[in-house]
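Geometric and topological summary
The primary structure of each chain is shown beneath.
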Amino acid sequence: SMDVGSSMDVGSSMDVGSSIDTDAEMRRRMVQMDTATTLRKTIDAMGGTMIQDPAAFVSTDFQRAVTTGLFASCAALVARGGVGIEMAGDGGDPAAWASLVGSGLLAYWLSDLGTGVFHWSVDNYGSKATPVMGGIIDAFQGHHKYPWTITKRQFANNIHTTCPATMCVTVPLLLAPGLAPDTCAFMGVFCSMIVLSQQFHAWSHMKKSQLPEIVVKLQDLGVLISRKGHGAHHRPPFEGNYCIVSGWWNPIMDDNKVFNKMEKVVYEATGVAPRSWSETHDFDVEEEAPEGWGKEYNL
């Protein structure tokens with residue numbers, strides 16, 4: 001009886017073990033299939049229908065006013081930094097001014113990283129139903145489908161959407177007492193670069209023949225993101241090359257798979273997979289504007 005019992009114990013443990021392994025593998029596959037299906041449905045539903053009316057690409061007085069207000073607040077922050085040096089009695093100290101300039105340059109360098117993190121987040125998470133950010137998220141998905149549209153938007157029309165939120169940072173800072181000159185310069189430059197990144201982004205989708213000579217020169221020098229530098233992002237599954245000020249941070253983030261690691265952390269913590277994990281992005285991409293589109297507005 002002991003032999004029978006032991007054989008039954010061994011057999012049953014083997015059966016249970018194999019059953020557990022099979023169930024675990026089945027659950028893993030089901031999760032993967034469900035994730036892929038959900039991603040495909042989400043991506044397909046996003047981006048909407050391309051805006052057909054060229055008038056929607058023309059800057060309005062309101063958009064120009066909001067844009068002007070934002071850049072005025074950024075310039076005022078930088079100016080406050082300079083005034084702060086003078087008021088502290090350091091106006092004749094080259095080191096104080098060098099520190100102020102260095103803070104501005106640091107802000108420019110880090111703004112590229114900031115745009116990358118933001119671009120990665122809206123490309124991969126949320127939907128047009130997401131509160132506050134839904135419109136921006138959906139617009140980024142639409143940009144993957146119709147990348148030419150960004151090249152047709154007039155300046156204020158293109159960048160005004162990020163201005164109100166950014167002014168919620170710049171205006172309180174202007175009113176805050178005791179702000180160090182270097183901090184003023186850093187935040188003024190950083191916030192302006194975040195907003196301007198959308199224009200740098202637009203230029204990276206345009207041919208050199210369409211751009212001012214100074215912009216082409218800055219792209220060639222690596223000061224601004226270039227068509228070649230950003231083009232790699234527009235290949236499915238639209239992962240990597242998220243940074244759109246200068247693109248300097250792209251090799252650092254992509255070669256070290258920083259965003260991939262962040263995606264795994266988010267997935268393990270929430271069960272939400274990024275859109276870049278989808279194996280299919282089979283929508284049609286319109287690279288060029290329809291012939292003659294927007295000519296009545298010189299777009």
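Throughout what follows, the structure given in this document is the object of discussion. (Residues numbered from 1 in each chain as written. Predicted model: local features only at pLDDT ≥ 70, side-chain atom pairs only at ≥ 80, totals over all residues. Heavy atoms only, no water.)

Regarding helix α2 (residues 61-87)
Using the following cut-off: Helix and strand assignments come from DSSP, with helices taken as H or I runs of at least 4 residues and strands as E runs of at least 2, each series counted from the N terminus. By this rule the span expected of a helix is its residue count minus one, scaled by 1.5 Å. With a 1.4 Å probe rolled over the protein chains alone, any residue whose accessible area is under 20% of its type maximum counts as buried; one over 50% counts as exposed, and the rest are partly exposed. Residues are treated as being in contact if the distance between any of their heavy atoms lies within 4.5 Å.
A rise of 1.5 Å per residue sets the reference length of α2, with its 27 residues, at 39 Å; its end C-alpha atoms lie 37 Å apart and thus fit the reference within 8%. Those residues of α2 that fall on the buried side of the exposure criterion are Gln-63, Val-66, Thr-67, Leu-70, Ser-73, Cys-74, Leu-77, Gly-81, Gly-82 and Ile-85. Buried residues belonging to α2 abut α3 (94-124), α6 (155-159), α7 (163-175) and α8 (181-203). With its phi angle positive at about 80 degrees, Gly-89 sits one or two positions after the end of α2.

What to know about the pattern of salt bridges
Condition: We define a salt bridge as a side-chain nitrogen of Lys or Arg found within 4 Å of a carboxyl oxygen belonging to Asp or Glu.
Under the definition given, this model contains 2 salt bridges. Measuring nitrogen to oxygen at the nearest pair gives 3.2 Å for the salt bridge that ties Arg-64 to Asp-61. With Arg-64 and Asp-61 both in helix α2 and 3 residues apart, this pair spans about one turn of that helix. When its relative accessible area of 39% is taken as the criterion, Arg-64 is described as partly exposed. Close ionic contact of Lys-208 with Asp-220 constitutes a salt bridge, the shortest N to O distance being 3.1 Å. Of the two residues, Lys-208 sits in the loop between α8 and α9 (213-221) while Asp-220 sits in helix α9, which places them 12 residues apart along the sequence.

Some words on the packing of aromatic side chains
Put simply, the rule reads: Geometry of aromatic contacts follows a simple scheme: Phe, Tyr and Trp rings, the Trp one being its six-membered ring, pair when their centres are within 6.5 Å, and the pair is stacked under 30 degrees between planes, edge-to-face over 60, tilted otherwise.
In the structure shown here, the tally under the stated rule is 9 aromatic pairs. Between Phe-200 and Trp-203 the ring centres are 6.0 Å apart and the planes differ by 35 degrees, which places this aromatic pair in the tilted class. Of the two residues, Phe-200 and Trp-203 both sit in helix α8, 3 residues apart, roughly one turn of that helix. Aromatic ring contacts, followed pair by pair, group Trp-120, Tyr-125, Tyr-242 and Phe-259 into a single cluster.

Honestly, that's just the spatial picture; any functional story needs more than this.
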